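Coordinates in review
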Amino acid sequence: KNIVILISGSGSNMAAIVQAAQKGRWRERFGAQVAAVISNKAEAGGLAWAREHHIPTASFDHKAYASREAFDAALMTEIDRHQPALVVLAGFMRILTPGFVQHYDGRLVNIHPSLLPAFPGLHTHQRAIDAGCRFGGCTVHRVTAELDHGEYLDQAVVPILPGDTAQTLAARVLTQEHLIYPRVVERLIS
Ligand code: GRF
């Protein structure tokens, strides 16, 4: 069972999943492995990390495609080379077309840095601080055509402390992301 992970940046969630797969012996136990890491940013730090860990990588620059559909089609062709049982969005900062989501229906998950349904979209930590929330967190959810609205698979909550900035809150949430995302992926592939 192949897992393909899509990233746009540092890929810390991707790395946490790769390391959980190694520590948890997913290959031996479930016949599962992270088969590829793919990005829409050639310079994404996570691509270098994946290469250092001998995981195939690819990147697609959306500016090289005439439309969102054409970009998604190129991405799907590359993803499908691995015939994935699961496609994991991990800090992937592109809105995917309904055609893409439909194609991976039932095997597409994402992590969002808020306690959905609160704060869908961007700048979630600053918005939670500005709203005076006492808690923040993250949500792993299935991906459907409506942004950040699929079935919730897990959540983690962290306190928002006096003096927190978006950066300090993001770091506290990221620690939890690295715990719940690998756990959800393992549950899904097992
Ligand atoms: C994380 O906050 C994640 O919740 C969001 O992208 C951010 C960066 O993730 N989806 P990563 O370090 O690239 O995994």
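On a predicted model such as this, the values are computed, not experimentally measured, just so you know.

The next thing to look at is the UniProt feature "active site" (unreviewed entry) in the protein. Look at the UniProt record and you will see "active site" (unreviewed entry) annotated at His112. Here histidine 112 lies in strand 5 (residues 108–112). The class of histidine 112 is buried, set by a relative accessible area of 3%. Excluding residues that lie within four positions of it along the chain, histidine 112 makes contacts with Phe119, Pro120, Gly121, Thr124, Gly137, Cys138, Thr139, His141 and Asp148. Of note is the side chain of histidine 112, whose polar atom sits 2.8 Å from the backbone oxygen of phenylalanine 119.

Judged by nonpolar contacts, the single largest core of 37 residues is most densely connected at Ile5, Trp26, Val88 and Tyr181. Among the elements that take part in this core, helix 7 (residues 166–189) stands out by supplying 7 residues, more than any other. Filtering out sequence-adjacent residues up to four positions away, tyrosine 181 remains in contact with Asn13, Ile17, Val88, Leu89, Ala90, Val109, Asn110, Ile111 and Val140. Formed by 20 residues, the second largest nonpolar core is a distinct cluster that contains Leu75, Val87, Leu96 and Leu108.

In this structure the tally under the stated criterion is 2 aromatic pairs. Each ring, one from tyrosine 65 and one from phenylalanine 71, has its centre 5.8 Å from the other, and the planes form 70 degrees; the classification is edge-to-face. The class of tyrosine 65 is partly exposed, set by a relative accessible area of 28%. Here phenylalanine 71 falls in the buried class, since its relative accessible area comes to 0%. A centroid spacing of 4.8 Å and a plane angle of 55 degrees characterise the contact between phenylalanine 100 and tyrosine 104, whose relative ring orientation is tilted.

This part is about the site of the ligand. Around the ligand sit Ser10, Gly11, Ser12, Asn13, Gly91, Ile111, Pro113, Leu174 and Glu177, and those are all the residues in its vicinity. Within the side chain of glutamate 177, one N or O atom sits 2.8 Å away from an oxygen atom of the ligand. Elements supplying a minimum of two residues to the shell around the ligand: helix 1 (12–23) and helix 7. In terms of residue class, the shell around the ligand is built from 3 nonpolar, 5 polar and 1 charged.

What counts and how
Residues numbered from 1 in each chain as written. Predicted model: local features only at pLDDT ≥ 70, side-chain atom pairs only at ≥ 80, totals over all residues. Heavy atoms only, no water. UniProt positions renumbered as here; feature names shortened; annotations may be inferred. Helix = DSSP H or I, 4+ residues; strand = E, 2+ residues; numbered from the N terminus. Buried < 20%, exposed > 50% of the residue type's maximum accessible area, 1.4 Å probe, protein only. Contact = heavy atoms within 4.5 Å. Polar contact = N/O pair within 3.5 Å; in protein donor to acceptor, adjacent residues only side chain to side chain. Core = buried A, V, L, I, M, F, W, Y, C linked by side-chain atoms within 4.5 Å. Phe/Tyr/Trp six-rings, centres within 6.5 Å; stacked < 30°, edge-to-face > 60°. Near = heavy atom within 4 Å. Nonpolar A, V, L, I, M, F, W, Y, C, P; charged D, E, K, R; others polar.

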